[in-house]
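Residue-level listing of the chains:
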Amino acid sequence: MEDPIQLKEEGNKYFQASDYEKALQSYTQAIKLNKDKALQAVLYRNRAACFLKKEEYAKAASDASRAIDINASDIKALYRRSQALEKLGKLDQAFKDAQKCATLEPRNKNFQETLRRLGANIQEKLRIQFSTDSRVQKMFEILLDENSDKEKREKAANNLIVLGREEAGAERIFQNNGVNLLLQLIETKNPELILAAVRTLSGMCTGHKARATAILHYLGIDSICMWMSVDNEEISLAVCNLLQTITDCLLGQGKEEHHGKEEALVLDTKKDLRMITMRLLDMLVSKKVSGQGRDRALNLLNKNIPRKDLKDHDNSRSIFVIDNGLKKILKVVGQIPEMPDCLPLTENTQLTASVLLNKLYDDLRCDPERDNYRLICEEYIKSKIDPQDMDKTLHAVQIVSGVLQGPFDLGNKLLGMKGVMEMMVALCGSEREIDQLVAVEALIHTSTKLSRATFIITNGVTLLKEIYKKTKNEKIKIRALVGLCKLGSAGGTDYGLRQFAEGSTEKLAKQCRKWLCNTSIDARTRKWAVEGLSYLTLDADVKDDFVEDEPALKAMFELAKASDKTILYSVASALVNCTNSYDTKELVPELVQLAKFSKQHVPEEHPKDKKDFVVKRVKRLLKAGVVSALACMVKADSAILTDQSKELIARVFLALCEDPKDRGTIVAQGGGKALIPLAVEGTDVGKIKASHALAKIAAISNPDIAFPGERVYEVVRPLVSLLNTERDGLQNYEALLGLTNFSGRSDKLRLKIVKEKALPDIENYMFENHDQLRQAATECMCNLVVNKEVQERFVADGNDRLKLVVLLCGEDDEKVQVAAAGALAMLTAAQKKLCSKMTQVTTQWLEILQRLCLHDNMEVQHRGLVIAFNLISSDKELAKKLVESELLEILTYVGKQEDHPKKQHIINVARDCLTKCMDYELIKPLSRA
């Protein structure tokens, strides 16, 4: 057997001769034979040197580690492992080993140099690794490589979107030819890559006018509109969002940020905005554009053309669209889906176009502008009327029908045009199904405001009854029935003004429900059954029967959740009627008597419109799943969800939230989330109703469950908006309860309430004569005083905040006392200045404090004693003043009581007060006999 020492010497000779292979063999043989630990470490580090020379770095690192395991301070092994790890790219580990070497031999210049080199390499590696340029480059390489793994591509796409939303990332993408690369992604025709590219572009444009303008010009508005025209909902929506982001930047809206040099640039955006508007108008009449693309173009026009605020006098955008595109919008409105030459449409296209017509008309400022609008419409309709060409004439009637769904006053004037009404009557008598369909729908829209539609009042019912009896076509039958429903509901909720004979309305409603539940009929036709019910449910017998018919309710909710959003208003109207959440005028008994005496009509309430019937109906609706339907309706990203529709939905939600027991169900089904946008956007009445519904939920629910995550902060503003003298007492009260609940959750929420400027309003309600309002406001303040900013407002000079809290502690209302004493206890504990200030704000402070400390209510007593302890702890002189008063007797009386589990916390505080006084040497301990 060979000697390991001899084999080691042999290996050393081979190594010096640069024969690393033979040296390796000698060391390996020696390792196998050796039993000595110290020699084993030497053999391993020598073999590591061979592996380093052979550039087998992993093996070199492994052998060096074995040597270090035997001897941790083997400097040669540490250095060799450091070299191997450096070559393997593990710079941080290599640096650690080099550091140990330099510690063991501080004067070794080689080690110091290695440390410097490794440190510099690590910094460079980190810079490259985390530099955005490298990340961007890597992502594009993965995305543009067709062979790359699907999961990798998805991850890269998501990372790119995130990067585009960061200012630094967006700028790096933009500077490094990123827009061109994103364009290449769009041209791959891969839907996932197109989506990623478009969303990245949206992020890059957000809040940066110069970049948004450059991207618009680089991509070209024609290309953007072409991508928006594709028949893919996700892509079409993403491109629509991109164009909206660009438009926001050009209009100077959105999160505009300062970008240094960009501020020096003067960008003329009017030209670009007009170019975008013209292309969107061209999209409306292009056959190449999909139905979804047309909807997107209409939604963008709806959102960006009319003024947001009528106080702004500039309506030039609307004038521009009327002059250059009104006829194009009318062409969309006049389309008949059943005709072969029809443009591609969705169920929502034509109503969205009618909404746009209405918004443009409402945006006009004077009669000459309105006359111009009317003349363009009249001229266009005249060009379509041709007695020899029935199809052309049909389009003219359809246009009038569409205008009636938009600016109704204008539609009424168009009805007065020569030949229009005659055409409608002639079409009603036609043999063709399409003629009858268009004519009946036009008749329905004509009868919207009965006072104006004199022709319809006299002839409508007869015409529609005639069609209803004669036709065997279900589609026409339903529409004729809806027209009758509309005319029959003219009396509204007035029981005494029923248009039809007793029982006729119920029969009509029964037929509507039957059609609604019949899934074999197409959805567009079933929608008309809901339209009919939205009128008939003004009758209390009808609404009572309707809510009892669960299949009909569920069928209506399913239609409300579908992609056809034209049904939203009808569903919301029917639900408002069923829940009686419409406004009713309160009848003054004296005026009723006067009206009867003068033989005037007095509105009558139906017996089934009384409260107990309404409550039952609400329960039935909740059971049938109304909340999920409403939540789905609110999500509609369409101009069809008008402010009026939002108001109706808010009214229904408020009615549903009436019973506290139902609020948990409403939250569980997404009601809390759905109410937030309703409280922020819409009519003033709608926002108040939605805010009140939120307050009802916030008052009794756990905010973490009702409004999870960041959503809870969005609810604060609607609640604060209810703290207004114009709102009624119940709205004030429930808003205060909600804010009390929120302010008890976290300091971030308390800060949000303060930032929303709620503090002055809450203080005002603390002065309120109404006991419950005063109590709710004081409880809210009790929670808010935990916040430092609120405390500082109490400390500040020149206000009576502290005085008010001290005086409220002396109130007879126990709940107010509990809250005020709690607030005072926390304030005096947090701010020593307030302890001395408390003694100066009112001469009654000591009397109030003594009453608190002797109170029958243990909660009040405990808080009073805590205030006393805070005052004693804050200042010796103040403690002396308290000891010299009757308070010492009270403290002694409470502190001497025997231990009692229920009162122990009170007794302990009193004893702490006495102990503190003893520390000050103001009193002496009781000497034992």
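Here the residue numbering is sequential within each chain, running from 1 through the sequence in written order. Whole-chain, interface and lining totals are the exception, using all residues; otherwise, since this is a predicted model, local features are given only for residues with pLDDT of at least 70 and side-chain atom pairs are given and counted only at 80 or more. The basis for every side-chain value is the complete set of heavy atoms in the structure, and neither hydrogens nor water enter the calculation.

Student: What's the story with the packing of helix H47 (residues 814-830) against helix H48 (residues 832-841) in this structure? I'm lost.
Tutor: The axes are straight lines fitted to the C-alpha atoms, using for helices just the contacting stretch, and the angles between their N-to-C directions are given from 0 to 180°. Helix and strand assignments follow DSSP, with helices taken as H or I runs no shorter than four residues and strands as E runs no shorter than two, numbered in order from the N terminus. Here H47 crosses H48 at 125°, and the two axes come no closer than 5 Å. If you check the angle between H47 and H48, you find them oblique. Residues Leu824, Leu827, Thr828 and Ala830 of H47 touch H48, and the partners they reach there are Lys832, Leu834, Cys835 and Met838. Among the residues forming the contact of H47 with H48, the class breakdown is six nonpolar, one polar and one charged. Any angle from 65 to 115 degrees is called roughly perpendicular, while one under 35 is roughly parallel, one over 145 is roughly antiparallel, and all others are oblique. Here, two residues are considered to be in contact whenever any of their heavy atoms come within 4.5 Å of each other. Under the grouping applied here, Gly and all other residues not named as nonpolar or charged are polar, the nonpolar ones being Ala, Val, Leu, Ile, Met, Phe, Trp, Tyr, Cys and Pro and the charged ones Asp, Glu, Lys and Arg.

Student: Looking at this model, I keep getting lost on unusual backbone geometry. Mind explaining?
Tutor: Negative phi values dominate among residues other than glycine, just as trans dominates among peptide bonds. Here Lys757, not a glycine, exhibits a phi torsion of approximately 60°, which is positive. Summarising the element assignment, Lys757 is placed in the loop between helix H42 (747-755) and helix H43 (759-766). Exposure remark for Lys757: the relative accessible area of 65% places this residue in the exposed category. Backbone geometry at Glu921 places phi at a positive 65°, although glycine is not the residue there. Along the chain, Glu921 turns up in the segment after helix H53 (904-919). Exposure is judged per residue with a 1.4 Å probe applied to protein chains only, and the accessible area is read against the type maximum: over 50% gives exposed, under 20% gives buried, and values in between give partly exposed. On the accessibility criterion, Glu921 (71% relative accessible area) is exposed.

Student: Honestly, the nonpolar core in this entry has me stumped. Any pointers?
Tutor: Side chains of nonpolar character tend, in soluble globular proteins, to be buried together. Residues belong to one nonpolar core when they are buried, are Ala, Val, Leu, Ile, Met, Phe, Trp, Tyr or Cys, and are joined through side-chain atoms within 4.5 Å. By size, the foremost hydrophobic cluster in this structure holds 256 residues, and its most contacted members are Tyr373, Leu516, Phe653, Leu656, Phe707, Phe742 and Ile762. With sequence-adjacent residues up to four places away left out, Leu516 is seen in contact with Arg526, Ala529, Val530, Leu533, Phe546, Ala552, Ala555, Met556 and Leu559. Counting residues in hydrophobic clusters, the runner-up holds 33 residues, among them Ala23, Ala30, Leu78 and Leu85.

Student: What is the right way to read the pattern of salt bridges from this model?
Tutor: When their charged atoms lie close together, side chains carrying opposite charge are able to pair. Between Lys or Arg on one side and Asp or Glu on the other, a salt bridge is scored when a side-chain nitrogen of the former is within 4 Å of a carboxyl oxygen of the latter. A complete count under the given rule lists 46 salt bridges for this structure. With a shortest N-O distance of 2.9 Å, Asp435 and Arg432 are connected by a salt bridge. For Asp899, the salt bridge is made with Arg911, and the minimal N-O distance between the two is 3.0 Å. A residue pair is termed long-range when its members are at least 10 positions apart, and Asp899 in the loop between helix H52 (887-895) and H53 and Arg911 in helix H53 qualify at twelve residues. Sharing partners across several salt bridges, the network here consists of Glu21, Lys54, Glu56 and Lys59.

Student: Please clarify how the side chain of Gln436 should be interpreted in this entry.
Tutor: Looking at where Gln436 falls in the secondary structure, it is placed in helix H24 (residues 433-446). Ignoring anything within four residues of it in the chain, the contact list for Gln436 reads Leu427, Cys428, Ser430, Thr471 and Ile476.

Student: Looking at this structure, I do not really get the packing of aromatic side chains. What am I missing?
Tutor: Note on aromatic pairs: each is described by the distance of the centres and the angle between the planes. The aromatic pairing rule takes the rings of Phe, Tyr and Trp, using the six-membered ring of Trp, and pairs them if the centres are within 6.5 Å, calling planes under 30 degrees apart stacked, those over 60 edge-to-face and the rest tilted. In total, this model carries four aromatic pairs according to the counting rule given. Between Tyr361 and Tyr373 the ring centres are 5.1 Å apart and the planes differ by 70°, which places this aromatic pair in the edge-to-face class. Of the two residues, Tyr361 is situated in helix H19 (residues 349-362) and Tyr373 in helix H20 (residues 367-384); the sequence distance between them amounts to twelve residues. By relative accessible area, which is 0% here, Tyr373 ends up buried. A ring is scored as having a charge over it whenever the NZ atom of a lysine or the CZ atom of an arginine sits within 6 Å of its centre and within 35 degrees of its normal. Taking the ring centre of Phe613 as reference, the NZ or CZ of Lys616 above it sits at 5.7 Å.

Student: What should I look at first to understand the packing of helix H11 (residues 178-186) against helix H12 (residues 191-205) in this one?
Tutor: Each pair of packed helices gets described by two things: the angle between the helix axes and the distance between those axes. Here H11 crosses H12 at 150°, and the two axes come no closer than 7 Å. By the angle between their directions, the pair H11 and H12 is classed as roughly antiparallel. In terms of crossing hand, the pair formed by H11 and H12 is left-handed. Judged by residue contacts, Val179, Leu182, Leu185 and Ile186 of H11 engage Leu193, Ile194, Ala197, Val198, Thr200, Leu201 and Met204 from H12. Its residues placed into classes, the contact of H11 with H12 shows ten nonpolar, one polar and no charged. Each crossing gets its handedness from the near helix: less than a right angle anticlockwise from the far helix is left-handed, clockwise is right-handed.

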